[in-house]
Amino acid sequence: MITVTDLRKVYRQGNREVVALDGVSLSVPKGSIHGIVGHSGAGKSTLVRCLTLLDSPTSGSVSINGAELSAARDADLRSARRRIGMIFQHANLMDSRTAAQNVAHPLELVKTPKAAIRSKVAELLKLVGLEGFENAYPSQLSGGQRQRVGIARALASDPDVLLCDEPTSALDPKTTDEILTLIHDLTQRLQLTVLVITHEMQVIKRICDSVSLLEAGRIVEHGPLRDVAADLGGRLSTTLLPLPPAETNGSGTVLEILYSGDSASEPVLTGAARAFGMDLNVLAGSVESLAGTQFGHLRIQLPTGADTASLSRHLTGQGVAVRVVQEETA
Amino acid sequence: MNFIDELMTNPALTNALPKALGETLLMVGVSGAFVLLIGLPLGIFLYTSAPGGLRPMRVTNRIVSDVIVNITRSIPFAILMIALIPVARAITGTSIGALAACVSLTIGTVPFFARLVETSLRDVSSGKIDAALVMGSTRLQIVAKVLVPEALPGLVAAFTTTLVTLVGYSAMAGLTGGGGLGQLAYNYGFQRFDTTVMLVTIVIMVILVQMIQWIGDASARRVDHRSAATAGAKKHRRHEPATAV
Ligand SMILES: Nc1ncnc2c1ncn2[C@@H]1O[C@H](COP(=O)(O)OP(=O)(O)O)[C@@H](O)[C@H]1O
Ligand SMILES: [Mg+2]
């Protein structure tokens, strides 16, 4: 379990102050994956650096499984860090070490007996699907394989928490998918608490249970993936279920509707069309399965003179969110 | 008398040369060992104590840095060598001979090597250090398990350059009574106009430097795992001496 309370980080640049984190609070329960999205410069990297105390927060607190990290020093800090596994964008493996030696690195630090290291390393490499690559140097591995070694290394000290800073941003789509699947499986198998920092919505869609949107050092939207996706007009919902830019053809009212789960697509629209005896023109749509739930986000145009108010009421009654994006034009 | 005969019979070559070569090797070997022993930790200190380093120490870093700059940049080795004669006498009990020369050779070269070490360490990406910190490494573990192994190809190249520099400095040391090939060339080649001795000395020094460079390059390549299979001489960077003498 990760708990962050009112975290602030101010960088000084000469006599100018840069507020990189402006009161960030979040909590991630055990066994779940929380995603933090944001544009470049939003403060994502600063947040992970503060979580691991690579940078010290200006104020606020970070605790992992109830143990306060921000107050720890030296030996305490080192043992607290051992409860955290971290995965980096570029894996950050040691080029002078083979895959096996890289995975052994965290174990060497606490003087683990050689035999124990050997069996643990073999087990971890198997876990991430890299049997047979023990003696390969990072330069002889692909980006995806390097990230797998990074994951094995992060898990070597049996951490409770896994921090991932842009884990797939340097990988191609297929490899991204494989790595995300691996992270997802490991989270369930090992009951990890995972925080994933990313600018790729794909990562959020594929593995996250909950998500926060970071903007200029503040969390501006957050919640379970299901809830934020269902929030029609919300920033996260708009990026999770994107529609192409609106084209204005015709003069009828344009609506955006968002339905999920049991209110399945066909019955909702055809039902409404039948009930009101009107033709609904679908201009754009995005249908996705998120966190195990089917979501549909449609932009539809009504015929001129249609009773927009009653149609909206009808749809809302069926559990569909409705929003008018363009009034009927004369 | 033809050239080959002269090579076999010239007493400067048959008697003095092997002794001089031995002295040069002694000077380069002994001061090389001390330079490594002192310069490596000093270079690591320069790196870790710099602002933003593993253990920033602003004032100390500044002072050490300035002393080093002054030894390597402001004072030509020839002058440093003469200035250090009392120090050499205090340490070795004599002011002439190869062993005494080692003192000034070491002091004159340590700063140069320490700077190269610092530069090599700077090439280790900060991401690797972050990764090691998050694993819970102590500072000492970061130095021993990350900085030095990851910078090793650069460190080997730096030490090679330092040895080559030492060969050159040791020849200069010969002029002030340090012995070695430098003194041989000076005594016979310059004072007695014995061109053969001069020529042979030059050839031997060129071969010596070539061998050091060759062994150094091969070792650097051996410890370099940064690029797959092709880790070769092409991408291997050579440090050029920053000092003029
Ligand atoms: N060491 C630093 N010194 C000064 N400003 C910094 C430093 N690190 C980050 N910042 C600033 O903090 C803000 C957030 O940066 P960062 O956390 O790297 O964003 P992200 O990872 O989301 O792209 C940026 O405005 C950046 O310029
Ligand atoms: Mg970043």
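Residues and elements named next belong to chain A. All residues adjacent to ligand 1 are Tyr11, Gln13, Val18, Ala20, His39, Ser40, Gly41, Ala42, Gly43, Lys44, Ser45 and Thr46. Glycine 43 places a polar main-chain atom, nitrogen or oxygen, 3.0 Å from an oxygen atom of ligand 1. The separation between an oxygen atom of ligand 1 and a polar side-chain atom of serine 45 is 2.8 Å. Protein burial of ligand 1: of its 560 Å² of free accessible surface, 64% is covered by the chains. Elements with a minimum of two residues in the shell around ligand 1: strand 1 (2-13), strand 2 (16-28) and helix 1 (44-51). Counting residues per element, the shell around ligand 1 draws most heavily on helix 1, which supplies 3 residues.

Let's shift gears to the nonpolar core. Nonpolar side chains tend toward joint burial in soluble globular proteins. Formed by 86 residues in total, the largest nonpolar core has its most connected members in A:Leu7, A:Leu47, A:Leu163, A:Leu195, B:Ile129, B:Ile142 and B:Leu147. For this core, the element with the most residues is helix 8 (residues 139-178) of chain B, which contributes 15 residues. Residues contacting A:Leu163, with those up to four places away along its chain left out, are A:Ile2, A:Val48, A:Leu51, A:Thr52, A:Ile84, A:Gly85, A:Met86, A:Ile87 and A:Leu195. If you look at the next biggest cluster of nonpolar residues, it comprises 52 residues, including A:Ala100, A:Leu124, A:Val228 and A:Ala229.

What follows is about the packing of aromatic side chains. All names here are of chain B. Inspection of every chain in the model, using the stated rule, returns 3 aromatic pairs over all chains. Between the aromatic rings of phenylalanine 77 and tyrosine 169, the centroid separation amounts to 4.0 Å while the plane-to-plane angle is 5 degrees, which identifies the pairing as stacked. With a gap of 92 residues between them, phenylalanine 77 in helix 4 (residues 77-83) and tyrosine 169 in helix 8 connect regions that are remote in the sequence. Take phenylalanine 77 and tyrosine 169: they sit in the same class, and that class is buried. Relative to phenylalanine 190, the ring of tyrosine 186 has its centre 5.4 Å away and its plane inclined at 20 degrees; by these criteria the two rings are stacked. Of this pair, tyrosine 186 and phenylalanine 190 both sit in helix 9 (residues 180-190), 4 residues apart, which is roughly one turn of that helix. Its end group placed over the ring of tyrosine 188, arginine 192 keeps NZ or CZ at 4.5 Å from the ring centre.

Residues and elements named next belong to chain A. For chain A, the domain assignment lists domain 1 (2-230) and domain 2 (243-326). Computed from C-alpha atoms alone, the centre-to-centre distance between domain 1 and domain 2 is 40 Å. In this complex, domain 1 contributes 5 residues to the contact, which on the side of domain 2 involves 6 residues. Taken together, the two surfaces of domain 1 and domain 2 that pack against each other cover about 600 Å², and 63% of this comes from carbon and sulfur. Three residues, Lys205, Arg226 and Ala229, lead the burial of domain 1 against domain 2; their summed loss comes to 69% of the area buried on that side. A salt bridge links glutamate 288 to lysine 205, with the shortest nitrogen-to-oxygen separation between them at 2.7 Å. At the junction of domain 1 and domain 2, the tally comes to 3 residue pairs in polar contact (both at pLDDT 80 or more). Ranked by residues supplied to the side of domain 1 that touches domain 2, first place goes to helix 8 (residues 225-230) with 4 residues. Residues that form the side of domain 1 that touches domain 2 fall into these classes: 3 nonpolar, no polar and 2 charged.

Okay, the confidence of the model for chain B next. Residues and elements named next belong to chain B. When pLDDT is averaged across chain B, the result is 88; 92% of the residues are at 70 or more. When pLDDT is averaged over each element of chain B, helix 7 (residues 126-134) comes out on top at 96 and helix 1 (residues 3-9) at the bottom at 80. Throughout residues 230-245 the model reports pLDDT below 50, and contacts reaching past four residues in sequence, or to other chains, amount to 29 contacts. Confidence metrics for the complex model read pTM 0.89 and ipTM 0.89.

All names here are of chain A. Spatially, 6 strands are ordered 6-7-8-3-9-10 in an open sheet, and the strand pairing comes out mixed. Each edge of the open sheet is held by one strand with a lone partner, namely strand 6 (84-87) and strand 10 (218-224). If you compare each strand with its neighbour and ignore which way they point, the axes differ by 15 degrees on average. Pairing between strand 9 (residues 210-215) and strand 10: 6 bridges, direction antiparallel. Bridge pairing in strand 10 links glutamate 215 to arginine 218.

A few words now on the interface of chain B and chain A. Taken together, the contacts link 19 residues of chain B with 24 residues of chain A. Around 2100 Å² of area is buried between chain B and chain A when both sides are counted, 60% of it from carbon and sulfur atoms. Among the residues of chain B in contact with chain A, B:Val134, B:Met135 and B:His225 are the three that bury the most area, contributing 34% of the side total. The partner of B:Lys145 in a salt bridge is A:Glu108, and the shortest N-O contact between them spans 2.7 Å. Across the contact surface, chain B and chain A share 10 residue pairs in polar contact (both at pLDDT 80 or more). Of all the secondary structure elements, the ones that give two or more residues to the side of chain B that touches chain A are helix 7 and helix 8 of chain B.

Calculation notes
Residues numbered from 1 in each chain as written. Chains lettered and ligands numbered in written order. Predicted model: local features only at pLDDT ≥ 70, side-chain atom pairs only at ≥ 80, totals over all residues. Heavy atoms only, no water. Near = heavy atom within 4 Å. Polar contact = N/O pair within 3.5 Å; in protein donor to acceptor, adjacent residues only side chain to side chain. Areas by Shrake-Rupley, 256 points an atom, 1.4 Å probe, with all protein chains shown as cover. Helix = DSSP H or I, 4+ residues; strand = E, 2+ residues; numbered from the N terminus. Core = buried A, V, L, I, M, F, W, Y, C linked by side-chain atoms within 4.5 Å. Buried < 20%, exposed > 50% of the residue type's maximum accessible area, 1.4 Å probe, protein only. Contact = heavy atoms within 4.5 Å. Phe/Tyr/Trp six-rings, centres within 6.5 Å; stacked < 30°, edge-to-face > 60°. Lys NZ or Arg CZ within 6 Å of the ring centre and 35° of its normal. Domains from an automatic or database assignment. Buried area = accessible area lost by both parts, 1.4 Å probe. Salt bridge = Lys/Arg side-chain N within 4 Å of Asp/Glu carboxyl O. Nonpolar A, V, L, I, M, F, W, Y, C, P; charged D, E, K, R; others polar. pLDDT = per-residue confidence, 0-100. Pairing = 2+ DSSP bridges. Axes fitted to C-alpha atoms, helices over the stretch in contact; angles between N-to-C directions.

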